[in-house]
Amino acid sequence: NLREDTIAGQRVYRSLLDVPKPVDIVDVVTPPEVTRKILEDAAEAGCGLVWLQDGTFDDAVLEQANTAPFKTVHHACIMVVARSQAPPSPRAGRS
């Protein structure tokens, strides 16, 4: 985020390269022309997985992602997939 210093009390980094520890997953929600730079930074930062949300990629982005040193996911919403993989939450009042 280029505009804020903190969001919800969490420090904001200007680039993936500024994050002080390894980044496991990058969830991208930017237009394709911005996504291309994020892919470059993710490769340099040693990221393990880049998740491309709908609208963040075009053919050129997907081609770049296919040659990247990390895994990529596209055509799937990270929240939908995460919810489908999570164990069911206990209902209130039940153990």
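Provided above is the structure to which this section pertains.
Let me sum up the structure you'll find in this document.

Rules and cut-offs
- Residues numbered from 1 in each chain as written.
- Predicted model: local features only at pLDDT ≥ 70, side-chain atom pairs only at ≥ 80, totals over all residues.
- Heavy atoms only, no water.
- Salt bridge = Lys/Arg side-chain N within 4 Å of Asp/Glu carboxyl O.
- Helix = DSSP H or I, 4+ residues; strand = E, 2+ residues; numbered from the N terminus.
- Buried < 20%, exposed > 50% of the residue type's maximum accessible area, 1.4 Å probe, protein only.
- Pairing = 2+ DSSP bridges.
- Axes fitted to C-alpha atoms, helices over the stretch in contact; angles between N-to-C directions.
- Contact = heavy atoms within 4.5 Å.

**Some points on the pattern of salt bridges**
Turning to step 1, where the next piece is worked out: Enumeration according to the criterion identifies three salt bridges in this entry.
Turning to step 2, where the next piece is worked out: Notably, a salt bridge pairs D58 with R36, separated by 3.2 Å at the nearest N-O pair. You can see D58 sitting in the loop between β4 (49-52) and α2 (59-66) and its partner R36 sitting in helix α1 (residues 32-45), a full 22 residues away along the chain.
Turning to step 3, where the next piece is worked out: Judged by its relative accessible area of 29%, D58 is partly exposed.

**Description of the sheet that holds strand β5 (residues 71-74)**
Turning to step 1, where the next piece is worked out: With parallel pairing, three strands are arranged side by side in an open sheet as β3-β4-β5. Where the open sheet ends on each side, the last strands, each with one partner, are β3 (25-28) and β5. Between one strand axis and the next, the sheet turns through 15 degrees on average, direction left out of account.
Turning to step 2, where the next piece is worked out: As paired strands, β4 and β5 are joined by four bridges and run parallel to one another. In the sheet register, L52 faces β5, and the bridge partner there is H74.
Turning to step 3, where the next piece is worked out: Most of the contacts of α1 go to β4, to which it runs at about 170 degrees, and overall it touches β3 and β4.

Function-wise, these values are silent; they only describe arrangement.
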